[in-house]
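Chain by chain, the residues:
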Amino acid sequence: MTSIFVLTTRGLEAISADEIAALPDVTVTSTSYRRINAECTGALAPLLDLRTVDDVYLKVGSWEDVLHTRDMLAQFNAWSDHLELAQAAANINTVRPIPEKPLFSVSVSFLGKRNYNADEVKVSIADSVTFTHGWEYTADDRNANLNIRVFIEHEQAIVGVRLGQHAQHERLYKMVERPGALEPTVASAMLRLVDVQAGHRLLDPCCGSGTILIEAALMGAVVHGGDNDSEAIKATRENMKDAAVQGTVEQWDARVLPLRDGSVRRVVTNLPWGRQTSVNEELGSFYQQVCWELERIVSNKGRIAILTSVPHLLQFNYLQPLQSIEISLFGQNPTISVYGHDR
Ligand SMILES: C[S@@+](CC[C@H](N)C(=O)[O-])C[C@H]1O[C@@H](n2cnc3c(N)ncnc32)[C@H](O)[C@@H]1O
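Cut-offs applied
Residues numbered from 1 in each chain as written. Predicted model: local features only at pLDDT ≥ 70, side-chain atom pairs only at ≥ 80, totals over all residues. Heavy atoms only, no water. Helix = DSSP H or I, 4+ residues; strand = E, 2+ residues; numbered from the N terminus. Contact = heavy atoms within 4.5 Å. Buried < 20%, exposed > 50% of the residue type's maximum accessible area, 1.4 Å probe, protein only. Pairing = 2+ DSSP bridges. Axes fitted to C-alpha atoms, helices over the stretch in contact; angles between N-to-C directions.

> Even after reading the chapter, I still don't get the environment of Lys 101, so can you show me in this structure?
Within the fold, Lys 101 resides in the loop between helix H3 (85-92) and strand S5 (103-111). Sequence-wise, Lys 101 and Ala 89 are twelve residues apart; in three dimensions their C-alpha atoms are separated by 9.8 Å. Contact partners of Lys 101, with chain neighbours within four places excluded, come to His 133, Gly 134 and Trp 135.

> Teacher, can you tell me more about the side chain of Asn 91 here?
With respect to the helices and strands, the residue Asn 91 is situated in helix H3. Take Asn 91: its relative accessible area is 18%, and that puts it in the buried class. Not counting the four nearest positions on each side in its chain, Asn 91 is found in contact with Thr 2, Leu 44 and Leu 58.

> Can you walk me through the sheet that holds strand S8 (residues 156-162) in this structure?
What links the strands of a sheet is backbone hydrogen bonding, and the strands pair in either a parallel or an antiparallel sense. Read across the open sheet, the eight strands follow the order S2-S3-S1-S4-S8-S7-S5-S6; overall the sheet is mixed. Looking at which strands have only one partner, the edges of the open sheet turn out to be strand S2 (26-32) and strand S6 (136-137). In the sheet, S2 pairs with strand S3 (residues 35-40) via six bridges, with the strands oriented antiparallel. Looking at the pairing, Ser 30 lines up with Asn 37 of S3. On the sheet, H3 packs against strand S1 (2-7), strand S4 (55-63), strand S7 (146-153) and S8 and is oriented at approximately 165 degrees with respect to S4.

> How should I be thinking about the sheet that holds strand S11 (residues 248-251) in this particular structure?
The strand order across the open sheet formed by seven strands is S11-S10-S9-S12-S13-S15-S14, and the pairing between neighbours is mixed. What marks the edges here is a single partner per strand, and that holds for S11 and strand S14 (320-326). Adjacent strand axes in the sheet meet at a mean angle of 15 degrees when their direction is disregarded. Summarising the sheet, strand S10 (residues 222-227) and S11 pair through four bridges and their orientation is parallel. By the bridge assignment for S11, Asp 227 is matched with Gln 251.

Next comes the structure, spelled out in structure tokens:
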């Protein structure tokens, strides 16, 4: 059995926990702020296919009584001698090749005030690992075979080794980025919230660089999107090509969509909210018109999920609010609001 913990976006813990729990041989044991703890009794490879999570770590240790004083730096060094790194490297070697003496990096984050900084903790841990295992340290994570990650939260710390070579929230397909581009993990979580299934028709009326459309197409949805900016259309088409997915993309005004009444089953979108992308008019009136239009085109059993920092501007005549989740993104706290005709 392998103990793992998974990092996700603040607010998406329950959605990621559901995605993890659906994997064979994985049991979720607890969920806390941005983290899901789980046990895996089978192959680790399926964990690399999780779409809503930032990263998956194999747990190699946990420390209690982590104080704010500088003498902790020697303590981190001593504790690190006992991290179960050789076992973790062997387990990770089952999903990707790890050299006998891997190059490793260390990442440290903490909550709570300290008399030491993250770089000093890194040095202390790296010294121990180099001495105990003969592994070579690199400050550049991109060159490392293994990343050791330490989360210090008040008086406790948890240490893991990342399962993937690179951060899991980074997708290989994303080549052309635009301001306001959504994290693919958040796009994927929004699609799960409205239960997008293979074959569903999925609309993103303000698609930007196409993150939502691509994640939906990878789930087997029939995707249709648009944007009023020709550069966005170009970026989406290039990104879709890079991701090897198909879909229809058009330049349009989301307030007047060229779509029939009740013709779309799922709408997932990230509306402009004025900080990274702007609309050339008053935001309230833009939102009102887009909401009316979405209400017109969504089918009877349809669902809409909208991410915005101004959820109070979302107003529908008939659609009911079904769920509302505040998340942390780009240093802001936008909300994913889900609407539908029924519960
Ligand atoms: C927050 S961004 C969407 C980002 C996108 N989810 C991504 O991952 O790249 C909002 C998008 O709405 C588009 N937009 C603004 N006004 C619009 C309108 N009237 N009709 C359609 N799209 C519009 C902007 O050009 C921008 O690309």
